[in-house]
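# Survey of secondary and tertiary structure
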Amino acid sequence: MMKNSWDSFESPRPLIMNYENGPIDQGLLDYLGQYITDHKKSVMERVLEDRTRHFTVVLEDIYKPHNASAVLRTCDCFGLQDIHVVEKTNQYKINPYVTRGASEWVDIHKYFSPAGNAVKDCFNSLKSKGYKILATSPNADSVSIYDLDPNQKTALVFGNEHEGVSEDVRDQADGLVHIPMLGFTESFNISVSASIFLYDLVRKAKESLPKGFYLTDEEKQQLRLKWYRQIVKRSKLHEKMYWDSKNK
């Protein structure tokens, strides 16, 4: 089987985190970078050039980890940096055999609320960042994937495997969207559905290239540091050595 670019990378330790903005010390990047091969750095730079937060995906209460992990892998393949996971009765755990390392390169944002406000918390966060939230649903009143505006920052919500998105999601979303079906069944598997949506949206967005589609230079710097820390063995010790030498 042919290997992709990532297969030549050592497996970094997995991270699930919300990324904090802040100034990045270029000296620290250069210091950590000396422990990373030129090939690995060139692959990271290529990926960074195509990374986007223009589109994102929300997974609601997915109870089959391999399905959620397959969506996560799809998001990485199409250049999405953020995936949002709403946990209600099911806690999402990464299946490394399905993600094939993708979970280490994207940011996973989890939402759980004992009071049952996880959907609201997630949607409020997304709307504050300018996202239009569209829940995927085969309902007759939903719009077709072909009618979506690729210039609009969009968050696609996928529900669990049997019931789809909840009533809570449908009530709080900005709209519903579906993939027109030509057969007897009314929906695809969640990972297939995500692949079709993202392929179509990313392709159309790259043709029109809306403002702010790609990451800013600052966002790229933040991800470089995150990824460098993951790849470099004993990175915390190396960082301490860097700051100690700088502060002398």
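Reference entry: report on the structure contained in this document. (Residues numbered from 1 in each chain as written. Predicted model: local features only at pLDDT ≥ 70, side-chain atom pairs only at ≥ 80, totals over all residues. Heavy atoms only, no water.)

### Focus on the overall build of the protein
Counting its regular elements, the protein contains nine helices and seven strands. Per-residue burial over the protein gives 49% buried out of 248 residues. Partitioning the intrachain contacts of the protein with sequence separation of at least 6 by distance along the chain shows that 84% fall at a separation of at least 24. When the accessible surface of the protein is totalled, it reaches about 13,200 Å², and 51% of it is carbon and sulfur. (Helix = DSSP H or I, 4+ residues; strand = E, 2+ residues; numbered from the N terminus. Buried < 20%, exposed > 50% of the residue type's maximum accessible area, 1.4 Å probe, protein only. Contact = heavy atoms within 4.5 Å. Areas by Shrake-Rupley, 256 points an atom, 1.4 Å probe, with all protein chains shown as cover.)

### Let's talk about the side chain of Ser166
As for its position among the elements, Ser166 is in the loop between β6 (154-158) and α6 (167-172). Among the polar contacts listed, one links the side chain of Ser166 to the side chain of Glu60, at a separation of 2.5 Å. When neighbours within four sequence positions are excluded, Ser166 is seen to be in contact with Glu60 and Lys88. (Polar contact = N/O pair within 3.5 Å; in protein donor to acceptor, adjacent residues only side chain to side chain.)

### Describing the sheet that holds β6
Each strand in a sheet pairs with another by means of backbone hydrogen bonds, the pair being arranged parallel or else antiparallel. Read across the sheet, seven strands follow the order β3-β2-β1-β6-β4-β7-β5 without closing on themselves; strand pairing throughout is parallel. The outermost strands of the open sheet, each flanked by one partner alone, are β3 (107-111) and β5 (143-144). As judged from the three bridges shared by strand β4 (residues 132-136) and strand β7 (residues 175-178), these two strands associate in the parallel manner. Bridge assignment links Ala135 to a residue of β7, and that residue is Leu176. Of the strands in this sheet, β1 (55-60), β2 (82-86), β3, β4 and β6 are in contact with helix α5 (residues 118-128), which crosses β2 at around 155°. Sheet contacts for helix α7 (residues 190-208): β1, β4, β6 and β7; angle to β6, the most-contacted strand, approximately 170°. (Pairing = 2+ DSSP bridges. Axes fitted to C-alpha atoms, helices over the stretch in contact; angles between N-to-C directions.)

### Some words on the packing of aromatic side chains
Tallying each qualifying case throughout the model produces eight aromatic pairs. Measuring from ring centre to ring centre gives 5.5 Å for Tyr31 and Tyr242, while their planes differ by 45°; the resulting arrangement is tilted. On the criterion of sequence distance, the pair formed by Tyr31 in helix α1 (residues 26-33) and Tyr242 in helix α9 (residues 235-246) is long-range, its members being 211 residues apart. Residue Tyr31 shares its accessibility class with Tyr242, and that shared class is buried. Geometrically, the ring pair formed by Tyr242 and Trp243 is edge-to-face, given 5.0 Å between the ring centres and 70° between the ring planes. On the basis of relative accessible area, Trp243 is assigned to the partly exposed category, the value being 32%. Grouping aromatic residues by their ring pairs yields a cluster made of Tyr31, Tyr35, Tyr242 and Trp243. When the ring centre of Tyr131 is taken as origin, the NZ or CZ atom of Lys153, which lies over that ring, is 4.3 Å away. (Phe/Tyr/Trp six-rings, centres within 6.5 Å; stacked < 30°, edge-to-face > 60°. Lys NZ or Arg CZ within 6 Å of the ring centre and 35° of its normal.)

### A short note on unusual backbone geometry
The backbone phi angle of Asp61 is positive, close to 50°, even though this residue is not glycine. Tracing the sequence through the fold places Asp61 in the loop between β1 and α3 (65-77). Phi angles above zero are rare outside glycine, and Leu209 is one such case at about 45°. Relative to the helices and strands, Leu209 is located in the loop between α7 and α8 (217-231).

### Some points on the nonpolar core
Of all hydrophobic cores here, the largest spans 29 residues; its most connected members are Val57, Leu59, Leu156, Phe158 and Phe197. Elements that contribute at least two residues to this core include exactly β1, α3, β2, β6 and α7. Once residues within four sequence positions are removed from consideration, Phe197 is found in contact with Thr136, Ile145, Leu148, Leu156, Phe158, Val177, His178 and Ile179. One finds Leu32, Ile36, Tyr228 and Val232 within the second-largest nonpolar core, a separate group that totals 18 residues. (Core = buried A, V, L, I, M, F, W, Y, C linked by side-chain atoms within 4.5 Å.)

### Quick notes on the layout of surface pockets
Within this model, the largest pocket holds a volume of roughly 530 Å³. The wall of the largest pocket is formed by 25 residues, among which Thr136, Pro138, Gly164, Ser187 and Phe188 lie closest to the centre. Listed by contribution, the elements that provide at least two residues to the lining of the largest pocket are β7 and α7. Take the lining of the largest pocket: its biggest share by element is three residues, from α7. Of the residues assigned to the lining of the largest pocket, the class counts are nine nonpolar, 12 polar and four charged. (1 Å grid on protein atoms, 1.4 Å probe; cavity = no way out; pocket = protein on both sides within 12 Å on 5 of 7 lines; lining within 4 Å. Points joined across faces, edges and corners; volume = space filled by probe spheres on them. Nonpolar A, V, L, I, M, F, W, Y, C, P; charged D, E, K, R; others polar.)

### Quick word on the environment of Asp147
The topology assignment puts Asp147 in the loop between β5 and β6. A residue is classified by how much of its surface remains accessible, and Asp147, at 61% relative accessible area, is exposed. Between the C-alpha atoms of Asp147 and His178, which are 31 residues apart in sequence, the distance is 10.0 Å.

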